[in-house]
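Coordinate analysis (summary)
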Amino acid sequence: MTQFIENINDGTVISGFGMDRLQALQSFNTRLVCMTVDDSSYDEVVNGVWKVVGTDYCALFLKDPHSNDLVLQASIGYEEVPSGLRISCNDPTSIHAQAFTEEYLVYLEDLTETPGINPLCSLMGSSLVLPVISNQGPVGVFDFGSQNTNAFPPQEIGMCSMIVDQMSYSLENIRLVRELSDSRDAVIRGMALLSEIRDSHIGGHLSRICAMSKYLAERLVGRVGYHEVTPSFISTIERAAALHDVGKVGIPDAILLKPGKLTDEEFDVMRTHTTIGGELLEGLIDDFGEYALINMGSSVARAHHERWDGKGYPNGLAGKNIPLEARIVSICDVYDALTSKRVYKDAWGHEETINILRDGAGTQFDPDLVEVFLSRPKDLVEIRKLYPDKKIKSD
């Protein structure tokens, strides 16, 4: 950093590093070291860089390991650029592809005078793209843009290069942690499927429960009384909902797959799937430590059969003493169970199911959540269409 700074004691700099920038850089470096890896990590990185550099546009692209594409992870300023934008590394009109494949920065000082280039924004006057290089080679590119031409003199390019170099290790760490998290989530979802694989239809129910739980959680954002519904909550419940019936692995086939009504004794056994599931997941926490998906999954597994009026099981919780995630999954589970064919019943119609949920609002279900869930019924029909049941092929 000394090559950019002449005297920081009085705020004097020789290449654009004022005290505000230095403080922003120091804060950014500290955040990189202490940052918890989650779904917002890339947004935090881009936002931190933007605060230091102060350009009109910033964007981070990472190479998709399964294709030859650079995929947009986060951006600022590119309001018209779609989330998840892909750029082929073979695109001859892309300076992002050029910077990645050549592993060298690309700077176009005047895009109005550069034919044959396809910029991300039509208002952009100049663009600087730098490769993000890890120990294993290039992993992506970082994009800086300005509406002005000639916006990046040598000292600005040097500063941007230094920041991207500092980011490389942190970005690689984020990538590795997310890969580990994805692998762990896949194993956990496999656990959830164990309770379904004993039926002849699998996959559809879990996928629908997850999609509906995410849908309902998203519709609570900004609604009074739901401050805990953050992007992290939504991402977690979308996955944790699949664990609601994981405890059914401990229920005998004679009860779980019985085509008729259960006896009182059999129903007592069936009810134990909530405590079995909760204890199973809590045991994972005890053995391997805290993990958001397991924490919420345990709560959902144990409490999704509690009732708003306190007459549910296993603990007789009532009202908002029932965790929000369990109240959400409870509604989604009943809706999908009623509209699905099971060994003991045919599928109910959509309108009939809606009436059942409305009748249960305030007794079985959280009435406010039912109102939100049913406010756009066509959305629920579309979710069912997206995730049909998958029949196991018999030999």
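Residues numbered from 1 in each chain as written. Predicted model: local features only at pLDDT ≥ 70, side-chain atom pairs only at ≥ 80, totals over all residues. Heavy atoms only, no water.

1. Looking at helix α3 (residues 95-102)
Inspection of α3 places Ile95, His96, Ala97, Ala99 and Phe100 among the buried residues, and these make up the whole buried set. For α3, the elements touching its buried residues are β1 (57-63), β2 (69-76), β3 (86-88), β4 (106-108), β5 (126-134) and β6 (137-146). A distance of 3.2 Å separates the backbone nitrogen of histidine 96 from a side-chain oxygen at the start of α3, and that oxygen is part of serine 94. Once α3 ends, the next one or two residues include glutamate 103, with phi positive near 55°. (Buried < 20%, exposed > 50% of the residue type's maximum accessible area, 1.4 Å probe, protein only. Helix = DSSP H or I, 4+ residues; strand = E, 2+ residues; numbered from the N terminus. Contact = heavy atoms within 4.5 Å. Polar contact = N/O pair within 3.5 Å; in protein donor to acceptor, adjacent residues only side chain to side chain.)

2. Here's the deal with the environment of glutamate 352
Tracing the sequence through the fold places glutamate 352 in helix α12 (residues 350-360). C-alpha of glutamate 352 to C-alpha of leucine 338: the two residues are 14 residues apart in sequence and 9.0 Å apart in space.

3. A closer look at the packing of aromatic side chains
Tallying each qualifying case throughout the model produces five aromatic pairs. Centroid distance tyrosine 57 to tyrosine 78: 4.9 Å. Interplanar angle 20°. Geometry classified as stacked. Taken together, the residues tyrosine 57 in strand β1 and tyrosine 78 in the loop between β2 and β3 connect sequence positions 21 residues apart. For tyrosine 78, a relative accessible area of 6% puts it in the buried group. Ring centres of phenylalanine 142 and phenylalanine 144 lie 5.0 Å apart, and the angle between their planes is 35°; on these two criteria the pair is classed as tilted. The buried category is assigned to phenylalanine 142, whose relative accessible area is 0%. For phenylalanine 144, a relative accessible area of 0% translates into the label buried. (Phe/Tyr/Trp six-rings, centres within 6.5 Å; stacked < 30°, edge-to-face > 60°.)

4. Looking at the pairing of β1
Here β1 lies mainly inside the structure; six of its seven residues are buried. With six bridges joining them, β1 and β6 adopt antiparallel strand pairing. Looking across to β6, one finds that tyrosine 57 is bridged to glycine 145. The pairing of β1 with β2 spans six bridges and is classified as antiparallel. Counted as the bridge partner of alanine 59 is serine 75 from β2. In sequence, β1 turns back onto β2 through a hairpin of five residues. (Pairing = 2+ DSSP bridges.)

5. Brief notes about the pairing of β5
For a regular strand, the rule is simple: side chains alternate between the two faces of the sheet. Burial of β5 is extensive: eight of the nine residues sit out of reach of the surface. Sheet topology places β4 next to β5; three bridges connect them, and they run antiparallel. Note that in β5 the partner of valine 106 across the bridge is valine 129. Of the pairings in the sheet, the one linking β5 to β6 comprises nine bridges and is antiparallel in character. Residue pairing in the sheet places serine 126 in a bridge with serine 146 of β6. Linking two consecutive strands that pair antiparallel, namely β5 and β6, is a turn of two residues.

6. Overview of the packing of helix α10 (residues 292-303) against helix α11 (residues 324-338)
Look at α10 against α11: their axes get within 8 Å of each other, and the N-to-C directions meet at 55°. Here α10 is positioned oblique relative to α11, judged by the angle of their axes. Our pair here, α10 against α11, has a crossing hand that is right-handed. Here Met296, Ser299, Val300 and Ala303 of α10 come into contact with α11, specifically with Glu325, Ala326 and Val329. Looking at the contact of α10 with α11 residue by residue, the class counts come to five nonpolar, one polar and one charged. (Axes fitted to C-alpha atoms, helices over the stretch in contact; angles between N-to-C directions. Parallel < 35°, antiparallel > 145°, perpendicular 65-115°, else oblique. Left-handed = near helix turned anticlockwise from the far one by under 90°. Nonpolar A, V, L, I, M, F, W, Y, C, P; charged D, E, K, R; others polar.)

7. Notes on the sheet that holds β5
An order of β3-β2-β1-β6-β5-β4 is seen for the six strands of this open sheet, with the pairing classed as antiparallel. The open sheet is flanked by β3 and β4, the only strands paired with a single partner. Along the sheet, successive strands turn relative to each other by an average axial angle of 25°, direction set aside. Against the sheet, helix α2 (residues 41-53) touches β1, β2 and β6, its axis set at about 60° to β2. Each of β1, β2, β3, β4, β5 and β6 is contacted by α3, which is oriented at about 145° to β6, the strand it contacts most.

8. Digging into the confidence of the model for the chain
In low-pLDDT regions, the fine details of the predicted coordinates are not to be read closely. Counting all residues, the mean pLDDT for the chain is 82, and 79% of those residues have values of 70 or more. Element-level pLDDT for the chain is lowest in strand β7 (residues 201-202), with a mean of 51, against a maximum mean of 97 in helix α13 (residues 367-373). Predicted confidence is poor over residues 1-16, with pLDDT under 50, and the contacts of this stretch with residues over four places away or in other chains come to 24 contacts. (pLDDT = per-residue confidence, 0-100.)

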